[in-house]
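Each chain is listed here by its residues.
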Amino acid sequence: MLPYSTIAMMQRLLILTAGITIFGVVPGESSLAASGVSPPRPTIADADKPNIAKVSMTAIEHGDIPGIAVVIVNRDEIIYQCFLGKQDVARNITMSSNAIFRIASMTKPITSVAIMMLVDAGKIILDDPVSNYLPEFKGRPVIDTFNEADATYTTRPAKREITIRHLMTHSSGLGYAFTNPTVKRIVEATQKSEPDLPLLHDPGERWTYSAGTRVLGSIVEKVSGQTLDVYLRTHIFEPLKMVDTGHVVPSEKVSRVVTVHTRKGGKLTETPNDPKQESPIRGDGGLYSTAQDYSRFVRMLLNGGTLDGAKILSPRAAQAMSMMPTGGPVMQTQPDANPDRTRPFPIGAGKDKFGLGFQVSAPDPQYAKFRSPGSLAWGGINNTHFWIDPKRQIAGIVMMQVLPFYDDASVALLRGIEEQVYKHLK
């Protein structure tokens, strides 16, 4: 029997010689940004910008949030930005343009881009079994019965192996303790991490938000031979000039880190920053960044994988990440297993799908006056959010540091900013 490495190489050669891409994109298709056609460059008139800022100022004055950073971009430049309120209330520090936020799950799209870079390089295939790279995932079973009282369970064999694509689309069957009651009880009882648990369902059969992108980070490390932080820094952050993004905040920048507030009973309580700001190196969260840094990441995607001469992805890989999946499950509302950390999410559940690292908006009247169908989006648990609208050729970054995720005030503000942006877009 041929070794896997030989079989994998033969598969890659067959894929390339057949003229079929490994991204699932039909040959000959191209996005506007990658086609050589100059797309429109939308702008926002200076006279209209105060109308957008007013939405955030009203929320701050009402006590809904302490502070916010908003950056709106087209392919070429920032077309609107505002930095309002306080980044540290106790120390009376005004929100600055280089304020550093904990972006949490906004790390996930960056890790997903790292995976696509390895696909571009021919080092992995999206439909490869995860166990080809991480043997501990071979034959991962599915929970069959679960006893809520003592968190015991029985398992059965899964119908299929988990693939890299399953991890990227959150259809692997893995879960998160903060949003899935079953995972929460098992983690509490066993002290195991979420990627080490049996699956909640067969891979590919349901959408469940999960720590799957943490596993993708491990695959990046295994395939590249570098730790994830080094890979992201050298292959994404440095080329894109994302100068304030990383898992560790240097001591001279700690004063710029925004404090986190938690809303309980309608009241915001601030948690002071520790003098040392660093997080575990994982693919599903932990990055610190600024709204301006993240705007360079989304501009790269708007430009088909390249920004200011730095090529991160091939045009076809960037396009694949922006496509609505033709198959796979529809996103479902995720519950609040830990209400202090999250409310049920996301907007778009029941109709949107999750593509290669992003939620992709389905056509729906709810979005008629906001982002276009086919827009990409995701967020971080402290209510940092972004969206990319390839049709209108803009992207937006809205960063707060408020828990719980998707609380009513934060979501209302996000949607209010969107509405004003699109209302004044020229």
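Shown above is the structure to which this text applies.
Residues numbered from 1 in each chain as written. Predicted model: local features only at pLDDT ≥ 70, side-chain atom pairs only at ≥ 80, totals over all residues. Heavy atoms only, no water.

Draft legend 1. Summary view of the packing of aromatic side chains. All chains considered together, the criterion is met by 18 aromatic pairs. The interplanar angle of 90 degrees and the centroid separation of 6.4 Å between the aromatic rings of Phe178 and Tyr209 together place this pair among those described as edge-to-face. Here Phe178 is found in the loop between helix H4 (164-168) and helix H5 (181-190), whereas its partner Tyr209 is found in the loop between H5 and helix H6 (212-224), with 31 residues between them in sequence. With a relative accessible area of 14%, Phe178 lands in the buried category. Of the residues examined, Tyr209 reaches a relative accessible area of 3% and is grouped as buried. Between Tyr294 and Phe386 the ring centres are 5.4 Å apart and the planes differ by 50 degrees, which places this aromatic pair in the tilted class. Remark: Phe386 occurs in strand S15 (residues 384-389) and Tyr294 occurs in helix H8 (residues 291-302); sequence separation between them is 92 residues. Pair check on accessibility: Tyr294 and Phe386 agree, each one buried. (Phe/Tyr/Trp six-rings, centres within 6.5 Å; stacked < 30°, edge-to-face > 60°. Helix = DSSP H or I, 4+ residues; strand = E, 2+ residues; numbered from the N terminus. Buried < 20%, exposed > 50% of the residue type's maximum accessible area, 1.4 Å probe, protein only.)

Draft legend 2. Main features of the sheet that holds strand S1 (residues 67-73). Pairing is antiparallel in the open sheet, where eight strands are placed in the order S3-S2-S1-S16-S15-S14-S13-S12. Looking along the sheet, the strands with just one partner apiece sit at the ends: strand S3 (93-94) and strand S12 (353-354). Note that S1 and strand S16 (residues 394-399) share five bridges and pair antiparallel. Bridge pairing in S16 links Ile72 to Gly396. Those strands touched by helix H2 (residues 49-61) are S1 and strand S2 (78-88), and its axis lies near 20 degrees from that of S2. Relative to the sheet, H8 contacts S1, S2, S15 and S16, its axis offset from that of S16 by approximately 155 degrees. (Pairing = 2+ DSSP bridges. Contact = heavy atoms within 4.5 Å. Axes fitted to C-alpha atoms, helices over the stretch in contact; angles between N-to-C directions.)

Draft legend 3. Geometry of the side chain of Ser375. Its place among the elements puts Ser375 in the loop between strand S13 (359-360) and strand S14 (376-380). Given a relative accessible area of 0%, Ser375 falls into the buried group. If we skip the residues at most four places from it in the chain, Ser375 touches Gln359, Val360, Ser361, Ile388, Asp389 and Pro390.

Draft legend 4. Highlighting the packing of helix H3 (residues 107-120) against helix H7 (residues 228-240). Taken N-terminus to C-terminus, the directions of H3 and H7 make an angle of 85 degrees; their axes are 11 Å apart at the nearest point. What the angle tells us is that H3 and H7 run roughly perpendicular. Here H3 contributes Ile110, Val113, Ala114, Met117 and Leu118 to the contact with H7, which in turn contributes Tyr231, Leu232, His235, Ile236 and Phe237. (Parallel < 35°, antiparallel > 145°, perpendicular 65-115°, else oblique.)

Draft legend 5. Inspection of the pairing of S15 at higher detail. Taking burial as the measure, the six residues of S15 include six buried ones, the bulk of the element. Of the two faces of S15, both are covered, the one formed by Thr384, Phe386 and Ile388 as well as the one formed by His385, Trp387 and Asp389. With five bridges joining them, S14 and S15 adopt antiparallel strand pairing. Of the residues in S15, the one forming a bridge with Gly380 is Thr384. Taking the residues between adjacent antiparallel strands as the criterion, S14 and S15 are bridged by three residues, where Asn383 takes a positive phi near 65 degrees. Bridge analysis of S15 against S16 gives six bridges, and the strand direction is antiparallel. Its bridge partner lying in S16, Trp387 is registered against Gly396. Linkage of S15 to S16, two consecutive antiparallel strands, is achieved through a turn of four residues, within which Gln393 is found at a positive phi near 60 degrees.

Draft legend 6. View of the pattern of salt bridges. Applying the stated criterion across every chain, the model contains 23 salt bridges. Here Arg185 makes a salt bridge to Glu188, at a shortest N to O gap of 3.7 Å. Placement of both Arg185 and Glu188 in helix H5 is noted, with a separation of three residues, approximately one turn of the helix. Here Glu188 falls in the partly exposed class, since its relative accessible area comes to 40%. The partner of Asp407 in a salt bridge is Arg263, and the shortest N-O contact between them spans 2.7 Å. Residue Asp407 is found in the loop between strand S17 (402-403) and helix H10 (408-424), and its partner Arg263 is found in strand S7 (residues 260-264); the two are separated by 144 residues along the sequence. When sorted by exposure, Asp407 lands in the same class as Arg263, which is buried. (Salt bridge = Lys/Arg side-chain N within 4 Å of Asp/Glu carboxyl O.)

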